[in-house]
Amino acid sequence: MHFFYKRLPTILWVFSIIFFSSVLNAQTTIKSKLTGNVNPFIGSAKHGHVFVGANVPHGAVQLGPSQIMQTWDKFNGWDWCSGYNYDSPEILGFTHTHLSGTGIGDLNDILLLPANGKTQVVRAKFNDMESGYGSFFSKQKEVAKPGYYEVYLDKYKIKAQLTATERIGFHQYTYEKKDNAHLLVDLGFGMGWDEPVETYFKQINATTFEGYRFSKGWAVDQRVYFAIQLSVPVTKAELYNVSALQQGTQATGKEIKAALFFDAEKNAQLKVKVAISPVSASNALLNLKTELPGWDFNVAVQRADAKWEKALSSVRIEASPIQKTKFYTALYHTMIAPSLFNDVNGDYRGADKKVHKKADFNNYTTFSLWDTYRGLNPLMTILQPERVNDIVNSMLAIYQQQGKLPVWHLHGNETNCMIGYPAVPVIVDAYLKGFRNYDVELAYKAIRQSAMQDTNGIQYMQKLKFIPADEVEESVAKAMEYAISDASIAQMAKALGKKDDFKYFTDRSKLYQQYFDKSTGHFRGRMADDSWRTPFNPYNAVHRQNDYCEGNAWQYTWLVPQDVKGLINCFGGTQPFLTKLDSLFTISSKLDAETSPDISGLIGQYAHGNEPNHHIPYLYSMAVQPWKTAEIIRQIDQQFYTDKPDGLCGNDDAGEMSAWYVFSALGFYPVHPTSGEYVFGSPLIDQATIKLPGNKTFRITVMGNSKDNPYIRKIELNHKPYTKSFVTHHTIVAGGEMKIYMGNKPLAY
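We now turn to the structure provided with this report. Every chain is numbered on its own, with residues counted from 1 as its sequence reads. Under the rules for a predicted model, residues below a pLDDT of 70 receive no local features and side-chain atom pairs below 80 are neither given nor counted, while totals for whole chains, interfaces and linings still include all residues. By convention in this description, side-chain values take in all heavy atoms of the structure and omit both hydrogens and water.

Here we look at the overall build of the protein
Consideration 1: Secondary structure elements follow DSSP: runs of H or I of four or more residues count as helices, runs of E of two or more count as strands, with numbering from the N terminus. Along its length, the protein carries 19 helices and 37 strands.
Consideration 2: The size measure is the radius of gyration over C-alpha atoms, and the globule rule it meets is 2.2 Å times the number of residues to the 0.38 power. Against the compact-globule benchmark of 27 Å for 749 residues, the protein has a radius of gyration of 27 Å, which places it among compact chains.
Consideration 3: Dimensions along the principal axes, computed over C-alpha positions, put the protein at roughly 85 × 75 × 50 Å.
Consideration 4: Only protein chains enter the area calculation, which uses a 1.4 Å probe; residues under 20% of their type maximum are buried, those over 50% are exposed, and those in between are partly exposed. Here the protein, with 749 residues, has 62% of them falling under the buried criterion.
Consideration 5: Residue contacts are defined here by distance: any two heavy atoms, one from each residue, within 4.5 Å place the two residues in contact. Taking contacts inside the protein between residues at least 6 apart in sequence as the whole, the part at least 24 apart equals 68%.

The following block contains the structure:
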């Protein structure tokens, strides 16, 4: 005893070192995790429309809060397309499907709300949480991380915690108020354009429930089946149709709701697992048993975090803390959609509304292709190559089931939103980059059929004629988009040895030239009598009423990524082309009052908030003025991407706005999405290591990178001088090392 007490100070000192070393190591581990750089709230305010909640990469479930779609703004609730907006003070409940960054609202299926006190089954009205179910909450008690969401519901004094697997939403609710404790399930709840058609709820036993929700909206025939399992038995289950109490253990109606009561005095913490399926309630139960058999919520959170950590580790960067936050948040947002649309056994419901059993590929949905073909899909070929074949197979299945490739596909439904045949560049890009785990002949048949339809002006292009503006709306925008895809088809035809098709689609890809008016220096609508549409206002951008789509003549004049040399020739050479391009960024940003809200993030008339503009800054590099590309990239980085909730200047559009940032931060961008070439800009990071299949890496080291050094002065590839203005896809995926030397003065040309 005497010896122990004599040594006590030394022992305490040793234990103190061990303790503080452990704490320091734990903090270092947390800080070094890539998920710690993600702020899911970025883009959740104003027009970003991003999803906030718990999910895993490309999961079928996006579990998060749903709010009141407020109509006090001039866009009538437009900024609640995902179901959540950072500026809202209330939460109505937690739903299991969400869109992220879209311009149309839908989903928000299967709402759950932990509640107590008076049983309320009708949702509260705006700014009056006592009028129905729902609660105010404080931002100080809200947490969002990859795979995890937490909030405190003030009205009910309940702490809500959420996590997810691919097909299951896992809820943990801790009740401080225990009187009349219950869980509300509202199958009638939807968001935006959504309206329930038929809902069904059935109690299986004291802890298990199942049912379905069929609805119409943007997805005109959406079907979601579910299985719910509680950690404690219910003492009573009340079923309602709208607000009328029903008898029995099951109910069918347009808006079935359930209040599931339990003894919170015995169990103050309620855990709930909700599995969804596009096929059946029995498949939903299979998903539940397979993906999440246990009840350890913390373990589920750790697993979700690990999945995000693995996904984000596809590229590791060194940069300033703010730059890291912006980069990894953007990368996170590129991994929400496309989303899984099958069950653990491979079953899925096709576009033909039939159940397809045990598919040998993972079926995907949420294809915002008019947006994502430009950047997100090419990015996936580098950072998520394991998903590319499945995405192509999903598109080919849709082609076989509905008779055409997807345009904007959502939960088994073709919305036909936006223009062109944008699945074509995605499939061609995959083929040209060597992805082959699908039926290549079927793929070519599908992309060719897309270009040979007799609708939307394609019938004119089949005859190598322009699309008359007085017969087809948005004629110029459609023609420009068709030309991009036609150039892609030509390249696949060439690779397959289809010489006639190669010539035909090459000729069609040049038809954009017929819309160029040299007198104005713009692409504009031509009438059936071959005259220009008048009056002509290059600033005019009335939604769905002029010759463009979510844009004006200033913005569409540059949409020729497949033939930049041809575009330059339209202007009569490089210098007049550059003079006109300069003016795009320097003219007034004033727009007409009726302008589409999608036209945002303006520098002059350049609109970074809308995807058809995203390649434009890189045109300078292709016209031998790369320093101007660098200057604009740096301006966009500082002006339109921040680490604040309003840190996006437009809709994220299923991750496309974020994909532009990921590419540009690395220092390059796919101007022509199917060329396999990434044009250099101005890297925003100090170092990046891209993880590749086969234990290979492609390392980018940016020497002298700083705010004052935005210009690329020299590039070395594998220790040899590199003089091209672009890097190829095959160079990157082969692995190697690239050094980019930056400076404060551009190179002389």
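A look at the environment of Ile568
Consideration 1: Among the secondary structure elements, Ile568 is positioned in helix H14 (residues 564-570).
Consideration 2: Judged by its relative accessible area of 9%, Ile568 is buried.
Consideration 3: Placed 55 residues apart in sequence, Ile568 and Ala623 show a C-alpha to C-alpha distance of 8.3 Å.
Consideration 4: Sequence-distant contacts of Ile568, that is, excluding residues within four places in its chain, are made with Gly573, Thr574, Phe577 and Ala623.

Observations regarding the pairing of strand S33 (residues 696-703)
Consideration 1: What makes two strands pair is DSSP finding at least two bridges between them. Where strand S32 (residues 687-692) and S33 come together, six bridges link them in antiparallel fashion. Its bridge partner being in S33, Ile690 is matched across the sheet by Phe698.
Consideration 2: Hairpin remark: S32 followed by S33, antiparallel, with three residues in the connecting loop; positive phi at Gly694, about 75°.
Consideration 3: As defined by bridge partners, S33 adjoins strand S37 (residues 736-743) across six bridges and the pair is classed as parallel. Residue pairing across strands places Ile700 opposite Met738, the latter belonging to S37.

Notes on the environment of Ile398
Consideration 1: On the secondary structure map, Ile398 appears in helix H7 (residues 385-402).
Consideration 2: A sequence separation of 46 residues divides Ile398 from Asp352, and the C-alpha atoms of the two residues are 8.2 Å apart.
Consideration 3: In contact with Ile398, other than residues within four places in its own chain, are Phe367, Gly403, Lys404, Pro406 and His409.

Let's talk about the nonpolar core
Consideration 1: What we call a nonpolar core is a set of buried Ala, Val, Leu, Ile, Met, Phe, Trp, Tyr and Cys residues that are connected through their side-chain atoms within 4.5 Å. Phe327, Leu405 and Phe577 are the most contacted members of the largest nonpolar core, which totals 152 residues.
Consideration 2: Among the elements that make up this core, the one with the highest residue count is helix H11 (residues 475-495) (11 residues).
Consideration 3: If we skip the residues at most four places from it in the chain, Phe327 touches Val315, Ile317, Tyr661, Val662, Ala665 and Leu666.
Consideration 4: Judged by nonpolar contacts, the second largest core, of 60 residues, contains Leu92, Tyr156, Val232 and Phe261.

Details of unusual backbone geometry
With the exception of glycine, most residues fall at negative phi, and the peptide bonds are largely trans.
Consideration 1: Note that the residue after Ala337, namely Pro338, is joined by a cis bond; omega there is -5°.
Consideration 2: Among the secondary structure elements, Pro338 is positioned in the loop between helix H4 (321-333) and strand S19 (339-340).
Consideration 3: A cis amide bond, omega -5°, links Thr534 with the succeeding residue Pro535.
Consideration 4: Located in the positive-phi region is His411, a residue other than glycine, with phi close to 50°.
Consideration 5: Here His411 shows up in the loop between strand S24 (408-410) and strand S25 (413-414).
Consideration 6: Positive phi values are uncommon outside glycine, yet Leu464 reaches one of about 55°.
Consideration 7: For Leu464, the position within the fold is in the loop between helix H10 (458-461) and H11.
Consideration 8: Leu464 sits in the partly exposed class, given a relative accessible area of 35%.

Description of helix H12 (residues 499-509)
Consideration 1: Listed in full, the buried residues belonging to H12 are Asp501, Tyr504, Phe505, Arg508 and Ser509. End-on, the buried residues of H12 take up no more than an arc of 135°, which puts them together on one face. Away from its buried face by more than 90 degrees, H12 exposes Lys499 and Lys503.
Consideration 2: Tucked inside the fold, the buried residues of H12 contact helix H9 (440-450), H10 and H11. When we speak of the arc, we mean the arc of directions from the helix axis to the C-beta atoms.

Things to note about the packing of aromatic side chains
Consideration 1: The aromatic pairing rule takes the rings of Phe, Tyr and Trp, using the six-membered ring of Trp, and pairs them if the centres are within 6.5 Å, calling planes under 30 degrees apart stacked, those over 60 edge-to-face and the rest tilted. Scanning the entire structure with this criterion turns up 36 aromatic pairs.
Consideration 2: A ring pair is formed by Phe201 and Phe209, whose centres lie 5.6 Å apart and whose planes are at 25°; its orientation type is stacked. There is no split in this pair, since Phe201 and Phe209 are both buried.
Consideration 3: Consider the rings of Phe663 and Tyr669, whose centres lie 6.0 Å apart with planes at 85°: the pair is edge-to-face.
Consideration 4: Given the relative accessible area of 1%, Tyr669 is considered buried.
Consideration 5: Members of the aromatic cluster, each reached through a chain of ring pairs, are Tyr618, Phe663, Phe668, Tyr669, Tyr678, Phe680 and Tyr722.
Consideration 6: The ring of Tyr86 has Lys139 sitting right over it, with the charged end atom 4.0 Å from the ring centre. Comment: the charge-over-ring label is applied if NZ (Lys) or CZ (Arg) is within 6 Å of the ring centre and within 35 degrees of the ring normal.

Describing the sheet that holds strand S5 (residues 135-145)
Consideration 1: Spatially, the 10 strands line up as an open sheet ordered S2-S5-S6-S7-S8-S17-S12-S11-S10-S15, and their pairing is antiparallel. Whereas interior strands pair on both sides, the edge strands pair on one side only; in this sheet they are strand S2 (90-91) and strand S15 (250-253).
Consideration 2: Where strand S10 (residues 195-203) lies against S15, four bridges are found, and the strand directions are antiparallel. Bridged to Thr199 within S15 is Gly253.
Consideration 3: Axis definition: a line fitted to C-alpha atoms, limited for helices to the stretch in contact. Angles are taken between N-to-C directions and run from 0 to 180 degrees. The sheet contacts of helix H3 (residues 297-312) involve strand S6 (148-153), strand S7 (158-164), strand S8 (168-175) and strand S17 (269-277), and relative to S7 the element is tilted by about 45°.

Comments concerning empty space enclosed by the protein
Consideration 1: The definitions used throughout rest on a 1 Å grid laid over the protein atoms alone, on which a cavity is an enclosed set of points accommodating a 1.4 Å probe that cannot get out and a pocket is an open set flanked by protein within 12 Å on both sides along at least five of seven lines; lining residues are those having an atom within 4 Å of a point. Grid points are joined across faces, edges and corners, and a volume is the space filled by probe spheres set on the points. If you walk through the whole model with that rule in mind, you get 10 cavities of 30 Å³ or more.
Consideration 2: In this structure, the largest cavity is lined by 13 residues; those nearest its centre are Ala60, Ile276, Pro278, Phe341 and His411.
Consideration 3: When contributions to the lining of the largest cavity are tallied by element, the ones reaching two or more residues are strand S12 (222-230), S17 and S19.

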